[in-house]
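Chain by chain, the residues run as shown.
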Amino acid sequence: AQSVTQLDSHVSVSEGTPVLLRCNYSSSYSPSLFWYVQHPNKGLQLLLKYTSAATLVKGINGFEAEFKKSETSFHLTKPSAHMSDAAEYFCVVSEGDYGQNFVFGPGTRLSVLP
Amino acid sequence: DVKVTQSSRYLVKRTGEKVFLECVQDMDHENMFWYRQDPGLGLRLIYFSYDVKMKEKGDIPEGYSVSREKKERFSLILESTSTNQTSMYLCASSTRQGLYHQPQHFGDGTRLSIL
């Protein structure tokens, strides 16, 4: 079975500084990986997805993630944090014949300080 | 853009009541899902459906049932609510088209409180 580890439950950065949210996964084959963001009392919004194409994936709102197979990692980065980035972030790996089963990481709460 | 609409943002019910949570998607997606999200427990899959009238149990189906009579609509039914069903309920949909696994698209959630 696949699993996802998000190494930090909470990350705090200052506005304008870089963001790094870490994700490691375990998978028995080439995975599909996703990052989602959730703002308070809202649903999950897709930030970006990796599906065996380019290893550096660009997403919305300036976020990007790099797939490193040798490290089984899919870390999320952003060069400059904005106050509106404060939210919960989930790393997800999909499994099942049609990718219908999502395995969610526990989430990382990002705080952005003024 | 994919739109997944959940019928209610907030609901307050009393124990023992029957509750219907409705979800509609506008992208002709084959797959639809119901999750609940609780602090410290993350997102847990209740049921999913991969086609009309088809359903599969997820990780925590007890106390819940589902209905999918039309492709765009997936309903979660709580037959007799209990206080431990107080939670945030999230609906999602995805397509099976394409070479790779496709992302799930989520609604804004229904925060259900059982008193």
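Scroll up to find the structure.
Residues numbered from 1 in each chain as written. Chains lettered and ligands numbered in written order. Predicted model: local features only at pLDDT ≥ 70, side-chain atom pairs only at ≥ 80, totals over all residues. Heavy atoms only, no water.

Draft legend 1. Representation of the overall build of chain A. Assigned secondary structure in chain A consists of zero helices and twelve strands. Computed over the C-alpha atoms, the radius of gyration of chain A is 14 Å, within 12% of the 13 Å expected from 2.2 N^0.38 for a compact globule of 114 residues. Over its C-alpha atoms, taken along the principal directions, chain A stretches across nearly 45 × 30 × 20 Å. The contacts of chain A with a sequence gap of at least 6 include a subset with a gap of at least 24, amounting to 56%. Just so you have it, chain A exposes about 5,300 Å², and 52% of that area is on carbon and sulfur atoms. A distance of 3 Å separates the average location of the 8 positive side-chain charges in chain A from that of its 9 negative side-chain charges. (Helix = DSSP H or I, 4+ residues; strand = E, 2+ residues; numbered from the N terminus. Rg over C-alpha atoms; globule rule 2.2 N^0.38 Å. Contact = heavy atoms within 4.5 Å. Areas by Shrake-Rupley, 256 points an atom, 1.4 Å probe, with all protein chains shown as cover. Lys, Arg positive; Asp, Glu negative; His and termini not counted. Charge placed at Lys NZ, Arg CZ, Asp CG, Glu CD.)

Draft legend 2. Inspection of the state of the cysteines at higher detail. Applying the stated criterion across every chain, the model contains two disulfides over all chains. Note that A:Cys23 is cross-linked by a disulfide to A:Cys91, the S-S spacing being 2.0 Å. One disulfide, between A:Cys23 and A:Cys91, carries an S-S torsion of -65 degrees and so falls in the left-handed class. Here A:Cys91 lies in strand β10 (residues 87-95) and A:Cys23 lies in strand β4 (residues 23-26), a separation of 68 residues in the sequence. Each sulfur of the disulfide joining B:Cys23 and B:Cys91 lies 1.9 Å from the other. Across the S-S bond linking B:Cys23 and B:Cys91, the dihedral sits near -80 degrees, which makes this disulfide left-handed. One end of the pair, B:Cys23, is in strand β3 (residues 19-25); the other, B:Cys91, is in strand β9 (residues 87-94), and 68 residues separate them in sequence. Comparing B:Cys23 with B:Cys91, the two get one shared label, buried. (Disulfide = S-S within 2.5 Å. Buried < 20%, exposed > 50% of the residue type's maximum accessible area, 1.4 Å probe, protein only.)

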